[in-house]
Amino acid sequence: MNLAEKQTEFDFKIRRKGDPHFLLMRSGVITTPHGRIETPAFIPVATRATIKGVSPEIMHSLGAQALLANAYHLRLRPGEDILDSAGGLGRFMNWNGPTFTDSGGFQVMSLGVGFKKVIAMSVEESSTAEKLAPKKKEQLAFIDQDGVTFKSHLDGGILRFTPEISLEVQHAIGADIMFAFDELTTLLHSRQYQVESLEVRTHPWGIRSLQAHAELTKKRAKKPYQALFAVLQGANFEDLRRQTARYLAHAQVDGLDFDGFGIGGALEKERLAEIIGWCADELNSADAEEKPRHLLGISAVSDLFSGVENGVDTFDCVSPAREARNGALYTPSKRINIKNAKYRADFTPIDDRCDCYTCAHYTKAYLAHLIKSGEMFGATLATIHNERFILQLVDNMRKSIQNGNYQEFKEQFFANS
Ligand SMILES: [Zn+2]
């Protein structure tokens, strides 16, 4: 089988490119075997093949074009074989559109200290092993040059993730877009550690992911093609970000190359735009301009603007749903805490300009009551609002790029906020 031919089942076309203010910005269409994604787009996270408390039909009505699930969680439960037997992730969860899975690396490597941007890890058999942070919690993940060994958060059993295992799991889960297995570094790691991480782990792991992907694509030739994105690391260092973009853009195994790129890892918020700009610029120079770019785990409003302006096509993040469940609700001007006493008797919607189901039918007072009482319906209503807020914002960015009035849209958005 000709793998390069199979690869054409996945496609990305740029429709509109550049803007006098933002040369790297673009809008386009990703085509997958399960449908299209108009970009830029926000991809809500359905960690365990569900957005907690909200049905796929509602997510569709909120404007979600695709959903992203988590390979680590689905491997632990129900097991990737169940998703494979069901006909893949989309069919399993009754989502009739494109799907993504992440490689599992982020969850595996952050097991010791939770889901923070700054994550401490220990490295075995490494000449530059560094003790980087006080270990208050038990270390649950250990990295070596071949992969990561970790303790299951469900039953404490010892498990292993390698590029080959991650790709096997992701192929069985069956999402349209998958990510290569990489090492997640943190801003606490030294430059020397970042260099070693790229050379000894992230780059070879990228090639091994591509190799496993080529073999699995051949083996599963009758299944729809699943695209594989490389992950660009390199923290805050321009030369490392550019080097990794160049290296992975040129990587090829059996005529198969990466279908797109994830920008991941340690990002200093103040320098987010600059860092993404380096990656985008380097990908353009490496003849990889016509491949989609995904910014991993980002949904803060200012970061979405920075990402889009610097050539990011898709974003994912758990925050809109997670914060909603905790009572943090998004409005154009600020994030409000619905549990605050001042909302107890506030009979207005969360945002009177919002077009979501929650704002059309329910008041802040009712939401405050539900969230404080731990009622499931409160989490559902709050999640609907936050997901709609972010989906609509990115949709409006896309429309304004297509209409050539992005700058106007942005000024208006911040003037109203
Ligand atoms: Zn709303």
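So, how was this worked out
- Residues numbered from 1 in each chain as written.
- Predicted model: local features only at pLDDT ≥ 70, side-chain atom pairs only at ≥ 80, totals over all residues.
- Heavy atoms only, no water.
- Buried < 20%, exposed > 50% of the residue type's maximum accessible area, 1.4 Å probe, protein only.
- Helix = DSSP H or I, 4+ residues; strand = E, 2+ residues; numbered from the N terminus.
- Contact = heavy atoms within 4.5 Å.
- Polar contact = N/O pair within 3.5 Å; in protein donor to acceptor, adjacent residues only side chain to side chain.
- Phe/Tyr/Trp six-rings, centres within 6.5 Å; stacked < 30°, edge-to-face > 60°.
- Domains from an automatic or database assignment.
- Buried area = accessible area lost by both parts, 1.4 Å probe.
- Axes fitted to C-alpha atoms, helices over the stretch in contact; angles between N-to-C directions.
- Parallel < 35°, antiparallel > 145°, perpendicular 65-115°, else oblique.
- Nonpolar A, V, L, I, M, F, W, Y, C, P; charged D, E, K, R; others polar.
- Pairing = 2+ DSSP bridges.

Asks: Sorry if this is basic, but what is going on with helix H11 (residues 301-309) here?
Replies: Helical periodicity: at 3.6 residues per turn, an α-helix aligns residues three or four positions apart in one direction. The buried fraction of H11 amounts to seven of the nine residues, a majority that puts the element mostly inside the structure. Among the residues of H11, those classed as buried are Asp303, Leu304, Phe305, Ser306, Gly307, Val308 and Glu309. The elements touched by buried residues of H11 are helix H10 (272-285), strand E15 (314-317), helix H15 (376-403) and helix H16 (406-416). Within two residues after H11, Gly311 carries a phi angle of roughly 90°, on the positive side.

Asks: Honestly, the side chain of Ser103 in this entry has me stumped. Any pointers?
Replies: Within the secondary structure layout, Ser103 lies in the loop between strand E6 (99-102) and helix H6 (105-109). The class of Ser103 is buried, set by a relative accessible area of 5%. Side-chain polar atoms of Ser103 contact the backbone nitrogen of Gly105, separated by 3.1 Å. Once you skip the residues sitting within four places of it in the chain, Ser103 turns out to touch Ala71, Phe161, Ser166, Gln170, Phe179, Ala180, Phe181 and Asp182.

Asks: Whenever I open this one, the packing of aromatic side chains confuses me. Can you help?
Replies: Between two aromatic rings, the relevant description is the distance of the centres plus the angle of the planes. One pass over the structure, following the stated rule, counts 17 aromatic pairs. On the numbers, 5.0 Å between centres and 45° between planes, the contact of Phe305 with Phe414 is tilted. You can see Phe305 sitting in helix H11 and its partner Phe414 sitting in helix H16, a full 109 residues away along the chain. Ring plane angle 40° and centroid distance 6.3 Å describe the contact between Phe409 and Phe413, whose orientation is recorded as tilted. Of this pair, Phe409 and Phe413 both sit in helix H16, four residues apart, which is roughly one turn of that helix. This pair shows no difference in class: Phe409 is buried, exactly as Phe413 is. Through pairs of rings, three or more aromatic residues link up here, namely Phe22, Phe305, Tyr406, Phe409, Phe413 and Phe414.

Asks: What's the story with the domain arrangement of the chain in this structure? I'm lost.
Replies: The parts lose accessible area when they come together, and the size of an interface is often stated as this lost area. One can read the domain layout of the chain as domain 1 (3-111 + 162-317) and domain 2 (325-407). Between the C-alpha centres of domain 1 and domain 2 there is a distance of 28 Å. Across the contact, 29 residues belong to domain 1 and 19 residues belong to domain 2. Taking both partners together, domain 1 and domain 2 bury about 2200 Å²; carbon and sulfur atoms supply 70% of that area. By the criterion of area lost to domain 2, the three top residues of domain 1 are Arg16, Phe42 and Leu62, representing 25% of everything that side buries. Scanning the region where domain 1 abuts domain 2 turns up seven residue pairs in polar contact (both at pLDDT 80 or more).

Asks: So what exactly am I meant to see when it comes to the packing of H11 against H16 here?
Replies: Two packed helices can be described by the angle between their axes and the distance between those axes. It is the contact of H11 with H16, at a shortest axis distance of 13 Å, that shows an interaxial angle of 170°. One finds that H11 runs roughly antiparallel with respect to H16. Note on element contacts: H16 touches H11 through Tyr406, Phe409, Lys410, Phe413 and Phe414, opposite Val301, Phe305, Val308 and Glu309. When the residues that make up the contact of H11 with H16 are grouped by side-chain class, the tally is seven nonpolar, no polar and two charged.

Asks: Please clarify how the sheet that holds strand E3 (residues 35-39) should be interpreted in this entry.
Replies: In sheet architecture, strand pairing relies on hydrogen bonds along the backbone and comes in two forms, parallel and antiparallel. The strand order across the open sheet built from three strands is E1-E2-E3, with neighbouring strands paired in antiparallel fashion. The open sheet has two edge strands with one neighbour each: strand E1 (11-17) and E3. Taken over all neighbouring pairs, the strand axes of this sheet differ in orientation by 15° on average, direction set aside. Its contacts with the sheet place H15 against E1, strand E2 (26-32) and E3, and it is angled at close to 115° to E2.

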